[in-house]
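# Structural characterization, general
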Amino acid sequence: MKTTLTLLLACLFLGSAPLRAAEEFRPIKLQSLRGDTPVDKTNEAEMFKQEKDRAPLPRDFVQQPPLIPHSIRGYNITANFNKCMDCHAWSKARQANATKVSLTHFKDRDGKELANISPRRYFCTQCHVPQTDAKPLVGNTFEKAETLKPQ
Ligand code: HEC
Ligand code: HEC
């Protein structure tokens, strides 16, 4: 009985060893997001067109960072200057006909109210994104919050 079991185990071990070795040394197929395009070339197929400027887009849930309904080409955000605030700051919004940055953007991480945009809300495009004609990469069955559906 014992010998049969040992034999069986030995067979199993020996049988699977070459297989494991083959798996370990099989080359991994890597596919970068750029496809086969060399680094010094532009991947034309992956260039997306910016959507036309339009009115603010509907939101899908209450806490959603609103999507940017306009082009942001050339709107730089650097350590010293934030182009977005040129129109969205409270002192400029009315004149620019833009939405004021949210009140929530003046709170620091401890909930303290600041007089200017909070550092954690400084890099606008971390959360707000402009729209292009890119196809979604994956499917999505997300549904709008009930309260945001048109009645
Ligand atoms: C030249 C002025 C200007 C600049 C600069 C600008 N915006 Fe705007 N933005 C507007 C205007 C005007 C609207 C539309 C307001 C409307 O029609 O109600 C708008 C709308 C938006 C909205 C939608 C608000 C909503 O309620 O849905 C977001 C988000 C936004 N902008 C983010 C940004 C970000 C981020 C930047 C910087 C990368 C930026 N904007 C730079 C003028 C500007
Ligand atoms: C960490 C994420 C985050 C960053 C960074 C951020 N926002 Fe927002 N923003 C939000 C969210 C979430 C909302 C909607 C809920 C709210 O008002 O807080 C919002 C709302 C807004 C609105 C709509 C306000 C309204 O009254 O409806 C504007 C305009 C806006 N943000 C502009 C900006 C600009 C300009 C910057 C950069 C200076 C910025 N945001 C940075 C997350 C962010």
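The present account deals with the structure reproduced in this document. None of the values given here were measured: they were computed from a predicted structure.

Calculation notes
- Throughout, residues of each chain are indexed from 1 in the direction in which the sequence is written.
- Chains and ligands are labelled by the order in which they are written, letters from A for the one and numbers from 1 for the other.
- Only residues with pLDDT of at least 70 are given local features in this predicted model, and only at 80 or more are side-chain atom pairs given and counted; all residues enter the totals for whole chains, interfaces and linings.
- Based on all heavy atoms of the structure, the side-chain values leave hydrogens and waters out of the count.
- Here, proximity means that at least one heavy atom of the residue falls within 4 Å of the molecule or strand.
- Each polar contact in these results corresponds to two N or O atoms within 3.5 Å; when the atoms are within protein, one needs to be able to donate a hydrogen and the other to accept it, and residues that are neighboring in sequence are counted only if both atoms are side-chain atoms.
- For this classification, the nonpolar set comprises Ala, Val, Leu, Ile, Met, Phe, Trp, Tyr, Cys and Pro, the charged set comprises Asp, Glu, Lys and Arg, and every other residue, Gly included, is treated as polar.
- Distances up to 2.8 Å from the metal define which N, O and S atoms are donors, and 3.2 Å serves for Na, K and Ca; water is absent from the atom set, so sites may look incomplete.
- Only protein chains enter the area calculation, which uses a 1.4 Å probe; residues under 20% of their type maximum are buried, those over 50% are exposed, and those in between are partly exposed.
- A pair of Phe, Tyr and Trp rings is counted when the ring centres sit within 6.5 Å of each other, with Trp represented by its six-membered ring. The angle between the planes then sorts it: under 30 degrees is stacked, over 60 is edge-to-face, the rest tilted.
- Only runs of H or I of at least four residues qualify as helices and only runs of E of at least two qualify as strands under DSSP, and these elements are numbered from the N terminus.

### What to know about the site of ligand 2
In the region of ligand 2, 23 residues are neighbours, and Ser-102, His-105, Cys-124, Cys-127 and His-128 sit closest. One of the side-chain nitrogen or oxygen atoms of Ser-102 is found 2.5 Å away from an oxygen atom of ligand 2. Contact between ligand 2 and His-128: a nitrogen atom at 2.7 Å from a side-chain N or O atom of the residue. When its residues are assigned to classes, the shell around ligand 2 shows ten nonpolar, nine polar and four charged.

### Quick notes on the coordination of the iron atom of ligand 2
The iron atom of ligand 2 binds to the protein through His-105 (NE2) and His-128 (NE2), with metal-donor distances spanning 1.9 to 2.0 Å. On the basis of relative accessibility, which here comes to 14%, the residue His-105 falls in the buried class. Judged by its relative accessible area of 18%, His-128 is buried.

### Remarks on the packing of aromatic side chains
Within the structure shown, the criterion is met by three aromatic pairs. Here the aromatic rings of Phe-61 and Phe-142 are separated by 6.1 Å at their centres, their planes lie at 70 degrees, and the arrangement is edge-to-face. Of this pair, Phe-61 sits in the loop between α1 (2-25) and α2 (85-88) while Phe-142 sits in the segment after α3 (93-96); the two residues are 81 residues apart in sequence, bridging distant segments of the chain. Residue class for Phe-142 comes out exposed when judged on its relative accessible area of 52%.

Any functional reading would require information that these geometric values do not contain.
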